[in-house]
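Coordinate inspection notes
So you can see what is in the structure, the chains are spelled out below.
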Amino acid sequence: MKKYVLLTLLVCGTGTIYAQSALGPLTVEKIMKDPSWIGSSPSNLQWGADGTTLYFNWNPDNAPADSMYYLSKGSTIPQKITVAQKKDLIFAHSLVYNNARTQYLYTKDGDLYFVDLKSGITRRITETTAYETNPVFSFDDRKIVYQQNQDLFAWDPVNGSVQQLINFQKTAPPSESNRKEGNIQEDWLKKDQLKWLQVVKERKEKKEATEKYNKSLPKLREVPAVYYGDKTARTIQISSDGRYISYILLKPAANSKRTIVPNYVTESGFTEDIPARTKVGTAFGSSELFVYDRQMDTIIQIKIDSLPGLHDLPDYTKDYPAINNKEKSIRNISIGRINWSPKGAIAIVEIYSGDNKDRWIAMLTPENGSLKLVDRQRDEAWIGGPGIGSGGWINESAYWFQSEESGYSHLYKYDLENDKKIVLTQGNFEIQSVQLSRDRKYFYVSSNEVHPGEKQFYRISVNGGKAARLTHLTGANQVVLSPNEKQLAFLHSYTNKPWELYLQDNKPNAKSQQITNKAQTELFKSYSWRDPELVQIPAADGKMVSARLYHPAKPDPSKPAVIFVHGAGYLQNAHKWWSSYFREYMFHNMLADQGYYVLDMDYRGSAGYGRDWRTGIYRHMGGKDLSDHIDGAKWLTEQYDVDPKRIGIYGGSYGGFITLMGLFTSPGTFAAGAALRPVTDWAHYNHGYTSNILNTPSEDSIAYRRSSPIYFAEGLKDHLLICHGVIDVNVHFQDVVRLNQRLIELGKENWQVALYPVEDHGFVEPSSWTDEYKRIYKLFEEVLKDR
């Protein structure tokens, strides 16, 4: 009797073919292969200009790269797009409509196009070697205004004429009054040339006569020139009625030294420098807002002196009497969003303080340049949270924006007629994205109202009230609304199920239909991936910390546990959707198979839990965020009899930082730790992220001293592994080199460094991932288990 064995062929993106009947016991080598072995999830959903065809990227055939697919109206079978079809693609999100939605504009290959929906005619507006961008309808929808380089131009669809509206120049041309004189020798040569060469003299006389005649002619209206000198012009916008042009002049800070990252493994064989970022504390540039009134032919600089709190110092300066007692001056400010009203009579301007403790939303009256306060949000930590910085006009008398005033990011409306701010949403949840409906009667919002670890989609009236929930699948739903707003296309995933594409009618109780089913290969599905338990862990200060807990199938007799620390930049991982940390998720399944308890916490500073949680690390990274993990270790020993001497910790980036702080400041809590691409000294990290949380080193040295691992390295007593990419342009390899020297000088033992010469902050090569996690696994096996 013949025996047949059914084999599954796995073709990875590298072209290697693996044959096996099932995944079998998890190993680092298996789970860290090229991710194509898991399956292919669709991404980058976009509706076509016709409003009925959906486009997305996908790779169901396991090709070397994703291809674009489309789904036609009424069809549920995706089709691969051809090269010819792709050439003519226009996406709905790139279209700019007039108010009546009878015409729209779009850009393609740097040129502009105008489409009239009634006639079906498409007209090409420009055909130049320059790039034309940011087209809008203006002059009450009678003209199209676009930007070429830094200048604005207006095109008239009726006669095809083009008018330049403003002209930005670095310096003014020299005039006769300021013409630089030559030296005595040059002047003599010029006079001698004119005296003895008749042709040269006659040509000069004709040129001067022509210039004199031209000056005597009636002049056409000149294009206004703006000379920006050592500044940069940006955010150049025109009002809807065409009367006003607003722009920002940004003066960069002087002497802002930038870092370099040496690249040792190169095609040339020579070490090459990668230009990189500045470090925290870089001097702040100036930002000025101007409005050009085309009707009055005047330029007004908008003064911000009327805004309340411009002189207010942050509370942290109380720790520094020298700063707190000196004469108060206006803080540096930055001009953010500028939104002209639908009729162009006024604009809303967002302004931020340089220390990011204040955000002002103000109404600008362009005729006189005055600002009227609409809302001021003050945060002694830093302004932030989902949706902060977004906003727009509902109509000429109502403007929407988001604020964390209540402690959670919510939706607000400013009523101009009654000078009143109206709360539209409220509760202990966050509004994470907002889109105004075409008829301007509703908002479509994404929020975590159901659970901090879910993302659902809702519709709510612009006047507030109860929101209608539109999506219902547990997990996360990333929705792209169709242009006619009749359908929802969305990517959905769950904790142990990667992203798939769904379609649904835009109705509260509509049934969704799954379109794709290639996110999991048969090989991936052959293993029973855990749905980790979501638990609440009590912290020392009484707060409850959300976490994922992976239970071992059979606890190892040594009762070991590992705590994973996710990265920062405002994110979370104790949620119900497929994580961007999918490799770590699989590794945690493997550890659980090997008898470990694995805990993954949304510690202080994580996203999804409101303002107080977000800012819980202010002025002390390695404070409550670390104590949350220490409390997590204690909870494991109390709830699951984990051996307190056999707990490991690891994580990357911010997770690597917490690992170092745990081993350096709380010796004995974690027997072993793996710090991947860690920050070791916050004074060497970037400005935008670090200055929000710790202010700047020169102004708040206390915060940096208590937050940087390098100052606590003498506390290392347990086992430490450090892994870092050499060409990391985010957290520089220099961080690890400096700590390496510090540990050598301290004579520390039981630590090692693994470097990865071709890797940036996020590893790319499967070989690097495999090597790194084999080292992590070996560390835990040797230290946390009886051998």
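Predicted model, so just to flag it, every value in this text is computed and none were measured. (Residues numbered from 1 in each chain as written. Predicted model: local features only at pLDDT ≥ 70, side-chain atom pairs only at ≥ 80, totals over all residues. Heavy atoms only, no water.)

Our focus in this paragraph is the overall build of the protein. The helix and strand inventory of the protein stands at 14 helices and 45 strands. In terms of overall size, the protein behaves like a compact globule, its C-alpha atoms giving a radius of gyration of 31 Å where 787 residues would be expected to give roughly 28 Å. Across the protein, every contact between residues at least 6 apart in sequence was considered, and the portion connecting residues at least 24 apart equals 56%. Entry remark: accessible area of the protein is about 37,800 Å², with carbon and sulfur atoms responsible for 50%. (Helix = DSSP H or I, 4+ residues; strand = E, 2+ residues; numbered from the N terminus. Rg over C-alpha atoms; globule rule 2.2 N^0.38 Å. Contact = heavy atoms within 4.5 Å. Areas by Shrake-Rupley, 256 points an atom, 1.4 Å probe, with all protein chains shown as cover.)

Here the focus is the environment of asparagine 368. With respect to the helices and strands, asparagine 368 occurs in the loop between β24 (358–365) and β25 (370–378). Sequence-wise, asparagine 368 and isoleucine 727 are 359 residues apart; in three dimensions their C-alpha atoms are separated by 52 Å. Separated by 2.8 Å, the side chains of asparagine 368 and serine 370 make a polar contact. (Polar contact = N/O pair within 3.5 Å; in protein donor to acceptor, adjacent residues only side chain to side chain.)

This next bit is on helix α7 (residues 582–593). The first and last C-alpha atoms of α7 sit 17 Å apart over 12 residues, in line with the 16 Å expected at 1.5 Å per residue. With its phi angle positive at about 95°, glycine 595 sits one or two positions after the end of α7. (Expected span 1.5 Å × (residues − 1).)

Looking at the element boundaries, proline 25 is found in the loop between β2 (17–20) and α1 (28–31). A residue is classified by how much of its surface remains accessible, and proline 25, at 65% relative accessible area, is exposed. A sequence separation of 98 residues divides proline 25 from arginine 123, and the C-alpha atoms of the two residues are 62 Å apart. (Buried < 20%, exposed > 50% of the residue type's maximum accessible area, 1.4 Å probe, protein only.)

What follows concerns the confidence of the model for the protein. When pLDDT is averaged across the protein, the result is 93; 95% of the residues are at 70 or more. Of the regions scoring below 50 in pLDDT, residues 1–18 engages in 30 contacts with residues more than four places distant in sequence or in other chains. (pLDDT = per-residue confidence, 0-100.)

Below, the discussion takes up the pattern of salt bridges. Side-chain pairing between opposite charges can occur once the charged atoms of the two side chains come close. All chains considered together, the criterion is met by 38 salt bridges. Between aspartate 319 and arginine 619 there is a salt bridge, with the nearest N and O atoms lying 2.9 Å from each other. Here aspartate 319, found in the loop between β21 (298–301) and α5 (321–324), pairs with arginine 619, found in the loop between α8 (611–614) and α9 (624–640); they are 300 residues apart in sequence, far enough to count as distant. Judged by its relative accessible area of 9%, arginine 619 falls in the buried class. Linking arginine 376 and aspartate 358 is a salt bridge whose minimum nitrogen-to-oxygen distance equals 2.7 Å. Linking arginine 376 in strand β25 with aspartate 358 in strand β24, this pair joins segments that are 18 residues apart in sequence. Note on aspartate 358: relative accessible area 0%, which makes it buried. (Salt bridge = Lys/Arg side-chain N within 4 Å of Asp/Glu carboxyl O.)

Once that is clear, we can look at the side chain of aspartate 625. Along the polypeptide, aspartate 625 turns up in helix α9. Within the buried set, aspartate 625 has no salt-bridge partner at all; the shortest N-O distance to an opposite charge, 8.2 Å, is to arginine 604. Only 2.4 Å separates the side chain of aspartate 625 from the side chain of tyrosine 654, close enough to count as a polar contact. Leave out the neighbours within four places in its chain, and aspartate 625 touches Tyr603, Arg604, Ile617, His620, Tyr654, Phe657 and Ile658. (Lys, Arg positive; Asp, Glu negative; His and termini not counted.)

Turning to the sheet that holds strand β28 (residues 410–415), a few remarks are in order. Spatially, 4 strands are ordered β26-β27-β28-β29 in an open sheet, and the strand pairing comes out antiparallel. Two strands bound the open sheet, and with one partner strand each, they are β26 (391–395) and β29 (420–423). Pairwise comparison of adjacent strand axes, ignoring direction, gives a mean angle of 30° for this sheet. (Pairing = 2+ DSSP bridges. Axes fitted to C-alpha atoms, helices over the stretch in contact; angles between N-to-C directions.)

Right, let's get into the packing of aromatic side chains. Under the counting rule described, the total for this entry stands at 47 aromatic pairs. With a centroid separation of 5.4 Å and an interplanar angle of 75°, the aromatic rings of phenylalanine 564 and tyrosine 581 are classed as edge-to-face. Here phenylalanine 564, found in strand β40 (residues 561–565), pairs with tyrosine 581, found in the loop between β40 and α7; they are 17 residues apart in sequence, far enough to count as distant. On the basis of relative accessible area, tyrosine 581 is assigned to the buried category, the value being 15%. Ring centres 5.6 Å apart and planes at 70° place the aromatic pair tryptophan 635 and tyrosine 640 in the edge-to-face group. The class of tryptophan 635 is buried, set by a relative accessible area of 10%. (Phe/Tyr/Trp six-rings, centres within 6.5 Å; stacked < 30°, edge-to-face > 60°.)

Glancing now at the sheet that holds strand β6 (residues 79–80). Taken in spatial order, the 4 strands of this open sheet run β3-β4-β5-β6, and their pairing is antiparallel. Two strands in the sheet have a free side with no partner beyond their single neighbour: β3 (43–47) and β6. Across 3 bridges, the pairing between β3 and strand β4 (residues 54–58) is antiparallel. By the bridge assignment, glutamine 46 is partnered in β4 with tyrosine 55.

This part takes up the pairing of β26. Taken across its 5 residues, β26 has 4 buried, putting it largely inside the fold. Here β26 runs beside strand β27 (residues 398–403); their pairing, made up of 4 bridges, is antiparallel. Of the residues in β27, the one forming a bridge with asparagine 395 is alanine 398.

The buried fraction of strand β17 (residues 244–251) amounts to 6 of the 8 residues, a majority that puts the element mostly inside the structure. Bridging between strand β16 (residues 232–238) and β17 involves 5 bridges; their strand directions are antiparallel. Bridging from a neighbouring strand, arginine 234 pairs with isoleucine 248 of β17. Linking β16 to β17, which pair antiparallel, is a turn of 5 residues; within it glycine 242 sits at a positive phi near 85°.

A cluster of nonpolar residues, Trp196, Leu197 and Val200, forms a patch on the protein surface that exposes about 310 Å² of accessible area. The topology assignment puts valine 200 in helix α4 (residues 198–216). Note on valine 200: relative accessible area 33%, which makes it partly exposed. (Patch = residues over 30% accessible without salt bridge, like charges linked within 9 Å, V, L, I, M, F, W, Y side chains within 5 Å.)

Turning to unusual backbone geometry, a few remarks are in order. Within the chain, arginine 101 stands out as a residue other than glycine whose phi angle is a positive 60°. Structurally, arginine 101 is set in the loop between β7 (96–97) and β8 (103–108). Even without a glycine there, the phi angle at serine 653 is positive, about 65°. Within the element layout of this structure, serine 653 appears in the loop between β42 (647–652) and α10 (654–665).

It is at 10 Å that the axes of α9 and α10 come closest, and there the two elements cross at 70°. Classified by the interaxial angle, the pair formed by α9 and α10 is roughly perpendicular. Residues Asp625, Leu626 and His629 of α9 form the contact with α10, whose participating residues are Tyr654, Phe657, Ile658, Met661, Gly662 and Thr665. Taken together, the residues of the contact of α9 with α10 sort by class into 5 nonpolar, 3 polar and 1 charged. (Parallel < 35°, antiparallel > 145°, perpendicular 65-115°, else oblique. Nonpolar A, V, L, I, M, F, W, Y, C, P; charged D, E, K, R; others polar.)

What follows covers the packing of α7 against helix α14 (residues 766–784). At a minimum axis separation of 12 Å, α7 and α14 run at an interaxial angle of 35°. Our pair here, α7 against α14, has a crossing hand that is right-handed. Residues Arg583, Glu584, Phe587, Met590 and Leu591 of α7 pack against Trp769, Tyr773, Ile776 and Tyr777 of α14. When grouped by side-chain class, the residues that make up the contact of α7 with α14 number 7 nonpolar, no polar and 2 charged. (Left-handed = near helix turned anticlockwise from the far one by under 90°.)

So, about the environment of arginine 706. Relative to the helices and strands, arginine 706 resides in helix α12 (residues 701–707). Measuring from C-alpha to C-alpha, the distance between arginine 706 and glycine 622 comes to 8.0 Å, with 84 residues separating the pair along the chain. Among residues more than four places away in sequence, those in contact with arginine 706 are Arg619, His620, Met621, Met661 and Phe712.

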